[in-house]
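# Chains, contacts and geometry: an overview
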Amino acid sequence: MPSEGEAIRAALEAHPGMVTVKVTGNAHSAASLMIMAADRIEMSAGSLMLIHDPSIGAYGNPAIACRLCC
């Protein structure tokens with residue numbers, strides 16, 4: 001998860017007022033995380049939100065990858 005996206009999500013969540021997010025296009029990855037901090041979410045017709053599990057990549061031979069992931 002990008003740290004900037006989490007920082008914005010935390011700021012929105014901490015905001016004392018009502019937070020409304022309007023999605024008028026595509027909201028993917030960190031954008032969907034930030035949107036979830038809103039009190040109200042409005043999505044226009046044709047807009048899209050993509051929510052997915054985070055992933056990680058590793059480089060190296062199988063022994064190194066197994067040490068990192070297993």
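So, a few notes on the structure that sits alongside this text. (Residues numbered from 1 in each chain as written. Predicted model: local features only at pLDDT ≥ 70, side-chain atom pairs only at ≥ 80, totals over all residues. Heavy atoms only, no water.)

The next subject is unusual backbone geometry. Glycine aside, the phi torsion of most residues is negative, and most peptide linkages are trans. Its identity as a non-glycine residue notwithstanding, Ser 29 has a phi of 55°, on the positive side. Relative to the elements of secondary structure, Ser 29 occurs in the loop between strand S2 (26–28) and helix H2 (30–35). Exposure remark for Ser 29: the relative accessible area of 38% places this residue in the partly exposed category. (Helix = DSSP H or I, 4+ residues; strand = E, 2+ residues; numbered from the N terminus. Buried < 20%, exposed > 50% of the residue type's maximum accessible area, 1.4 Å probe, protein only.)

The final tally for this structure, using the stated rule, is three salt bridges. One salt bridge in this structure joins Glu 13 and Arg 9, with 3.2 Å as the shortest N-O distance. Taken together, the residues Glu 13 and Arg 9, both in helix H1 (residues 3–14) and four residues apart, mark about one turn of the helix. The closest approach of N and O atoms between Arg 40 and Glu 42, which form a salt bridge, is 2.8 Å. The class of Arg 40 is partly exposed, set by a relative accessible area of 44%. Through salt bridges with shared partners, one network takes in Glu 6, Arg 9 and Glu 13. (Salt bridge = Lys/Arg side-chain N within 4 Å of Asp/Glu carboxyl O.)

It is worth stressing that arrangement in space is one thing and function is another; only the former is reported here.
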